[in-house]
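Fold and contact review
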Amino acid sequence: MKNENILDVSEKSRLTADVTLLMLKGAGYAAVFLLAVWFLIAVMAWIGRALPEESRDTPDPINRSSLTIEAPLVQLT
């Protein structure tokens with residue numbers, strides 16, 4: 001088996017370096033994910049600001065006053 005310890009570091013130091021690298025890699029993935037979510041929110045906000053003022057004053061297309069939730073009747077005997 002070939003010796004892959006080309007930097008001639010101890011096993012504990014190599015383990016510490018590997019764990020640190022994996023944590024930084026995970027932090028990088030989290031940063032990319034959060035930036036992507038922020039970008040999507042920023043695009044939606046930009047589209048909302050680009051709409052004309054009249055679009056904000058229009059009534060809701062769904063008549064929510066007619067929506068009622070009816071609970072089923074249960075008889076207790």
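Residues numbered from 1 in each chain as written. Predicted model: local features only at pLDDT ≥ 70, side-chain atom pairs only at ≥ 80, totals over all residues. Heavy atoms only, no water.

1. Brief notes about the overall build of the protein chain
Counting its regular elements, the protein chain contains one helix and zero strands. Within the protein chain, the fraction of its 77 residues that count as buried is 0%. As displayed, the protein chain has an accessible area near 8000 Å², and 68% of this comes from carbon and sulfur atoms. (Helix = DSSP H or I, 4+ residues; strand = E, 2+ residues; numbered from the N terminus. Buried < 20%, exposed > 50% of the residue type's maximum accessible area, 1.4 Å probe, protein only. Areas by Shrake-Rupley, 256 points an atom, 1.4 Å probe, with all protein chains shown as cover.)

2. Overview of helix 1 (residues 11-50)
Taking 1.5 Å per residue as the helical rise, helix 1 with its 40 residues ought to reach 58 Å, and the 58 Å between its terminal C-alpha atoms agrees with that figure. Within helix 1, only zero of the 40 residues are buried, leaving the element largely exposed. (Expected span 1.5 Å × (residues − 1).)

3. A word on a nonpolar patch on the surface
On the surface, Trp38, Phe39, Leu40, Val43, Trp46, Ile47 and Leu51 cluster together into a nonpolar patch covering about 790 Å² of accessible area. With respect to the helices and strands, tryptophan 38 occurs in helix 1. We classify tryptophan 38 as exposed; its relative accessible area is 57%. (Patch = residues over 30% accessible without salt bridge, like charges linked within 9 Å, V, L, I, M, F, W, Y side chains within 5 Å. Salt bridge = Lys/Arg side-chain N within 4 Å of Asp/Glu carboxyl O.)

4. Considerations on the environment of serine 55
Structurally, serine 55 can be placed in the segment after helix 1. Within the structure, serine 55 has its side chain in polar contact with the backbone oxygen of proline 52 (distance 2.6 Å). (Polar contact = N/O pair within 3.5 Å; in protein donor to acceptor, adjacent residues only side chain to side chain.)

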